[in-house]
Amino acid sequence: MKRAGVLLLAAVPVIATGVYFVMPTDSADAPVAPPAATAQSSREDAKDRAEQEREADDALIADLPPGLADPAKKELAQQLVSSAENSTTRWRTSYGTIEDLGDGCGYTAGIIGFCTGTHDLLMLVERYTKAHPDNGLAAYLPALREVDGTDSHEGLDPGFTAAWQAEAEVPEFRKAQEQERDRVYFEPAVRLAKLDGLGTLGQFVYFDAMVFHGPDTDAEGFYGLREQAMKKAETPGQGGSEKAYLEAFLDVRRDAMRAKRPGIDTSRVDTAQRRFLRAGNLDLDTPLVWEMYGDTYRLP
């Protein structure tokens, strides 16, 4: 995976609410709410509002077409991502893939490019080990925690790559990779894209950006890129043009990739997603032809 940065999962903006109480000077009988109780009430109110908003969003999404969540489209999405992450559309051959790409992310592995340096590989192994304690990767958890956020191999070499490849032959670990892909990347990206009014192509644009940049809230993370794009163009959900917004998002994303690593190949944006967009293929219908790192791919 060509992603950089450390994942900040479940990063939720925190709003501090200040509550002031004025004690009347001429009445000792005026009721004053205890500050602790009021703070608790405010938190509960905020939680209730968040739950109500989520329920409203769920109802909105339920009435929309499946889009990228349709099984055939989801398969197509993974083939497209795999062409960028593993140079093949046969993504099921990549469960055991593992190598250090020299991009500062440590080892990159598996179907979505989980990285030892960007927290997602650690989360995968932790969750897998909770369900399957005797797996062949569990012994490396202390080392994975130590190298998280770095490109170090300390405690992983020489056996970790072989252990990963061996565990990738286990059906439960393959399933775990797919579940973590969906939980961390696919489902949040598709959900937000639908709420932004984007069709199937836009949902894929979000998914691929989430995979590459990570679900971070900083300027280089997915949510930071979305915020920058929304300053340049309104989303369809805000009444804007879908094509104009996606062009703005892809511009912001390409700039971020180049700023992080000058000279990086941005073909996953330029000769894949933007090609589909400029062809007007907002439903991401096949046949598809795209180029990735100089290779041409076709899906009939």
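Rules of the game
Residues numbered from 1 in each chain as written. Predicted model: local features only at pLDDT ≥ 70, side-chain atom pairs only at ≥ 80, totals over all residues. Heavy atoms only, no water. Phe/Tyr/Trp six-rings, centres within 6.5 Å; stacked < 30°, edge-to-face > 60°. Helix = DSSP H or I, 4+ residues; strand = E, 2+ residues; numbered from the N terminus. Buried < 20%, exposed > 50% of the residue type's maximum accessible area, 1.4 Å probe, protein only. Salt bridge = Lys/Arg side-chain N within 4 Å of Asp/Glu carboxyl O. Pairing = 2+ DSSP bridges. Contact = heavy atoms within 4.5 Å. Axes fitted to C-alpha atoms, helices over the stretch in contact; angles between N-to-C directions. Expected span 1.5 Å × (residues − 1). Bend = angle between axes of the 7 residues up to and from the residue. Core = buried A, V, L, I, M, F, W, Y, C linked by side-chain atoms within 4.5 Å.

Undergrad: Please provide a residue-by-residue account of the packing of aromatic side chains, values included.
TA: Evaluation of the coordinates by the stated rule reveals 15 aromatic pairs. Ring geometry for Y245 and F249: centres 6.4 Å apart, planes at 45 degrees, overall tilted. With Y245 and F249 both in helix α9 (residues 242-260), this residue pair falls four residues apart, about one helical turn. Summarising the burial analysis for this pair, Y245 and F249 share the class buried. Summarising the aromatic geometry, the rings of F276 and W290 are spaced 6.4 Å apart at their centres and angled 80 degrees between planes, so their arrangement reads as edge-to-face. A residue pair is termed long-range when its members are at least 10 positions apart, and F276 in helix α10 (residues 267-278) and W290 in strand β4 (residues 288-292) qualify at 14 residues.

Undergrad: Could you give an account of unusual backbone geometry, naming the residues involved and the relevant values?
TA: Note that the residue after D157, namely P158, is joined by a cis bond; omega there is 5 degrees. Inspection of the secondary structure puts P158 in the loop between α4 (141-147) and α5 (160-167). We note that Y293 has phi near 55 degrees; this positive angle belongs to a residue other than glycine. Among the structural elements, Y293 can be located in the loop between β4 and β5 (295-299).

Undergrad: Can you break down the pattern of salt bridges residue by residue, with the values?
TA: Inspection of every chain in the model, using the stated rule, returns 21 salt bridges. In this structure, R254 and D251 form a salt bridge, with 3.7 Å as the shortest nitrogen-oxygen distance. Residue R254 and its partner D251 are located together in helix α9, separated by three residues, close to a single helical turn. The exposure class assigned to R254 is partly exposed, which follows from its relative accessible area of 21%.

Undergrad: Give me the lowdown on the sheet that holds strand β2 (residues 107-109), citing residues and values where you can.
TA: Spatially, the three strands line up as an open sheet ordered β1-β2-β3, and their pairing is antiparallel. The sheet terminates laterally at β1 (98-100) and β3 (114-115), the two strands that pair on one side only. Bridging between β2 and β3 involves two bridges; their strand directions are antiparallel. Along β3, the bridge assignment pairs A109 with F114. Those strands touched by α5 are β1 and β2, and its axis lies near 150 degrees from that of β1.

Undergrad: Any chance you could break down helix α7 (residues 200-213) for me, citing the residues and the numbers?
TA: Given a rise of 1.5 Å per residue, 14 residues ought to cover 20 Å, and the 20 Å separating the end C-alpha atoms of α7 matches this to within 8%. The buried fraction of α7 amounts to 14 of the 14 residues, a majority that puts the element mostly inside the structure. One or two positions beyond α7, positive phi appears at G214, with a value near 80 degrees.

Undergrad: Talk me through helix α6 (residues 171-195); I want residue IDs and the actual numbers.
TA: An ideal rise of 1.5 Å per residue puts 36 Å on 25 residues; α6 measures up with 34 Å between its terminal C-alpha atoms. Its axis deflected by about 45 degrees at D182, α6 carries its strongest bend there. Count one or two residues on from α6 and you reach G197, which has phi positive near 85 degrees.

Undergrad: Just give me the short version of the pairing of β4, but keep the residues and values in it.
TA: Every other side chain in a regular strand lies on the same face of the sheet, so the side chains alternate between the two faces. Across the two faces of β4 the burial differs, with L288, W290 and M292 buried and V289 and E291 not buried at all. Here five bridges tie β4 to β5, and the two strands are oriented antiparallel to one another. Bridge pairing in β5 places V289 opposite R298. Taken together, β4 and the strand that follows it, β5, pair antiparallel across an intervening segment of two residues, in which Y293 is found at a positive phi of about 55 degrees.

Undergrad: Requested: an account of the environment of A84, with residues and values cited.
TA: Checked against the element boundaries, A84 lands in helix α2 (residues 71-85). Among the residues examined, A84 registers a relative accessible area of 1% and is labelled buried.

Undergrad: Just give me the short version of the nonpolar core, but keep the residues and values in it.
TA: When a protein is soluble and globular, its nonpolar side chains tend to lie buried together. Among the nonpolar cores identified, the biggest contains 73 residues, and F160, W164, Y206, F207, F249, L284 and W290 are the most heavily contacted of them. Setting aside chain neighbours within four positions, we find F207 in contact with L68, A77, Q78, V81, I112, R181, Y185, F186 and A189.

Such coordinate-based values are descriptive only and should not be taken to indicate function.
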